[in-house]
Amino acid sequence: MKRICLSEFSQGAAGSSRDQQQPPPGASVETLQEVQRAVKGCQRCIVITGAGISVSSGIPDFRSPDGLFQQLKQKYPHAMSSGRDLFDATLFSDPGMVGLFYNFMGELRNLVSQANCTPTHAFIKELDDNGKLLRCYTQNIDSLEKRAGLETSFQKPPAATDTAALDKTFTKAVQLHGDLENVICTICHTKYPFTEKLAEEFCEGAPPPCPRCKEIEAIRDLVGKRSVATGFLRPDIVLYNETHPQGEIIGTLSEYDLRRRPDLLIVIGTSLRIPGVKRMVREMSRCVRACSLRAKRAGAGKSIFINRDEPPKGWEDVFDYFVSGDADQAISLL
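Residues numbered from 1 in each chain as written. Predicted model: local features only at pLDDT ≥ 70, side-chain atom pairs only at ≥ 80, totals over all residues. Heavy atoms only, no water.

Student: Could you clarify how one ought to interpret the overall build of the protein in this entry?
Tutor: Counting secondary structure elements, the protein contains 11 helices and 10 strands. Computed over its C-alpha atoms, the radius of gyration of the protein comes to 22 Å, within 12% of the 20 Å expected for a compact globule of 334 residues. The 334 residues of the protein split such that 46% are buried. Pairs at least 24 residues apart make up 71% of the contacts formed inside the protein by residues separated by at least 6 positions. Accessible surface, the protein as shown: approximately 17000 Å² in total, 50% of it carbon and sulfur. (Helix = DSSP H or I, 4+ residues; strand = E, 2+ residues; numbered from the N terminus. Rg over C-alpha atoms; globule rule 2.2 N^0.38 Å. Buried < 20%, exposed > 50% of the residue type's maximum accessible area, 1.4 Å probe, protein only. Contact = heavy atoms within 4.5 Å. Areas by Shrake-Rupley, 256 points an atom, 1.4 Å probe, with all protein chains shown as cover.)

Student: Could you clarify how one ought to interpret the sheet that holds strand β6 (residues 191-193) in this entry?
Tutor: Adjacent strands of a sheet pair through backbone hydrogen bonds, lying either parallel or antiparallel. Spatial strand order, β6-β5-β7: 3 strands in an open sheet with antiparallel pairing. In this open sheet, the two strands that pair with only one neighbour each are β6 and β7 (233-237). Between one strand axis and the next, the sheet turns by 45° as a mean value, whatever way the strands run. Sheet topology places strand β5 (residues 178-185) next to β6; 3 bridges connect them, and they run antiparallel. Residue isoleucine 184 lies in a different strand from β6, and its bridge partner there is lysine 191. This element, helix α6 (residues 196-203), spans β5, β6 and β7 of the sheet and lies at about 110° to β7. (Pairing = 2+ DSSP bridges. Axes fitted to C-alpha atoms, helices over the stretch in contact; angles between N-to-C directions.)

Student: Explain unusual backbone geometry to me, please; I cannot follow it from the model alone.
Tutor: Located in the positive-phi region is serine 143, a residue other than glycine, with phi close to 60°. Looking at the secondary structure, you find serine 143 in the loop between β3 (133-138) and α5 (144-147). Phi is positive for leucine 272, which is not a glycine, with a value near 60°. By the element assignment, leucine 272 lies in the loop between β8 (264-268) and α9 (275-289).

Student: Explain the nonpolar core here, please?
Tutor: Generally speaking, a soluble globular protein has its nonpolar side chains buried in company with each other. Formed by 58 residues in total, the largest nonpolar core has its most connected members in Ile48, Leu86, Phe87, Met105, Tyr137 and Val281. In terms of nonpolar packing, the next biggest core, distinct from the first, is built from 31 residues, Ile4, Ile124, Cys136 and Val323 among them. (Core = buried A, V, L, I, M, F, W, Y, C linked by side-chain atoms within 4.5 Å.)

Student: So what exactly am I meant to see when it comes to the packing of aromatic side chains here?
Tutor: Two aromatic rings are characterised by how far apart their centres lie and by the angle between their planes. Tallied over the entire structure, the rule returns 10 aromatic pairs. Ring plane angle 75° and centroid distance 5.6 Å describe the contact between phenylalanine 92 and phenylalanine 101, whose orientation is recorded as edge-to-face. With relative accessibility at 27%, the residue phenylalanine 92 sits in the partly exposed group. The exposure class of phenylalanine 101 is buried, given its relative accessible area of 0%. Connected via pairs of aromatic rings, a cluster forms that spans Phe92, Phe101, Tyr102, Phe194, Phe202 and Phe232. The side chain of lysine 168 reaches across the aromatic face of tyrosine 256, ending 5.9 Å from its centre. Directly above the ring of tryptophan 315 sits arginine 282, whose terminal nitrogen or CZ lies 4.1 Å from the centroid. (Phe/Tyr/Trp six-rings, centres within 6.5 Å; stacked < 30°, edge-to-face > 60°. Lys NZ or Arg CZ within 6 Å of the ring centre and 35° of its normal.)

Student: Would you take a moment to explain the environment of isoleucine 59 for this structure?
Tutor: Structurally, isoleucine 59 is set in the loop between β2 (45-49) and α2 (68-75). Using a relative accessible area of 7% as the deciding quantity, one classes isoleucine 59 as buried. Leaving out residues up to four positions away in the same chain, isoleucine 59 has contacts with Ser54, Leu111, Val112, Ala115, Asp142 and Leu144.

Student: Help me understand the pattern of salt bridges in this model?
Tutor: Note that side chains of opposite charge can pair when their charged atoms are close. What the rule picks out here adds up to 12 salt bridges. A salt bridge links lysine 197 to glutamate 201; the nearest nitrogen and oxygen atoms lie 3.2 Å apart. In this pair, lysine 197 and glutamate 201 both sit in helix α6, 4 residues apart, roughly one turn of the helix. Exposure remark for lysine 197: the relative accessible area of 55% places this residue in the exposed category. Where aspartate 257 meets arginine 260, a salt bridge forms, and the shortest distance between an N and an O atom there is 2.8 Å. By sharing partners, the salt bridges in this structure join Arg135, Asp257 and Arg260 into a single network. (Salt bridge = Lys/Arg side-chain N within 4 Å of Asp/Glu carboxyl O.)

The following block contains the structure:
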């Protein structure tokens, strides 16, 4: 795995003159040119992203020293051992944690609603516009891929197709962990837009009841039937120890993408800690390395990892290049 440190390509310390600035080592320049050639030469690119690509939009990542996990631990030092506790499905068994979860999700929704797409999101959309993007898989719940113009739904609207079969090429950005655009009932699974009004209710720390369940309860009471359980609204996201409700579709799409023989893999802004994502990255990397000789002659057939932090141990044989630094800065050099 070849390495590129983006700090070597910076413009030097503030106040330093042009004569004092040192050019990056020749080996780094050559490696960067190889990465540029891989991006230029690819025809079927897979992009897998994490929270690091949204940091410049004002949304913190999760595991960095100033990320969400650490912020939550500092804000609620006696309520949780780790900020991750607030993203674990087991929290619903603890009323105190439920209140913190709703308060935080209301605040996060408001933060996300004010965020703008980053240069990295624009780069992914440019790949799509140029016909080079097979698909983007994102761990993020901010829906900035959708705002950038990538299709995130799993199916064309009914009016646009006369078949119930899944269109495997329709979705351009798969949201692996859901999104904050909607809330969903815990009982009837009815979805509602995550409006500003609902965000205000969330910030009060109490789960809002499901309108449909309340309506059904009122009708049953009117006709003298016994009451049944009513649900409450929660963000339509996937927490730790939960399975994705669309997991089967996501599996179908990823298997289809492997069969399409991608010739470039770009992984950006993720710590590579989630088991399902780790498995996907390894499978995609193996497939990319087995791409056609024609693609390799064009410079493709490579796997690129862009992140501020070093990849965990065991990834040296998975990636051909590690670009160390800020995602947007890396993209500006590609």
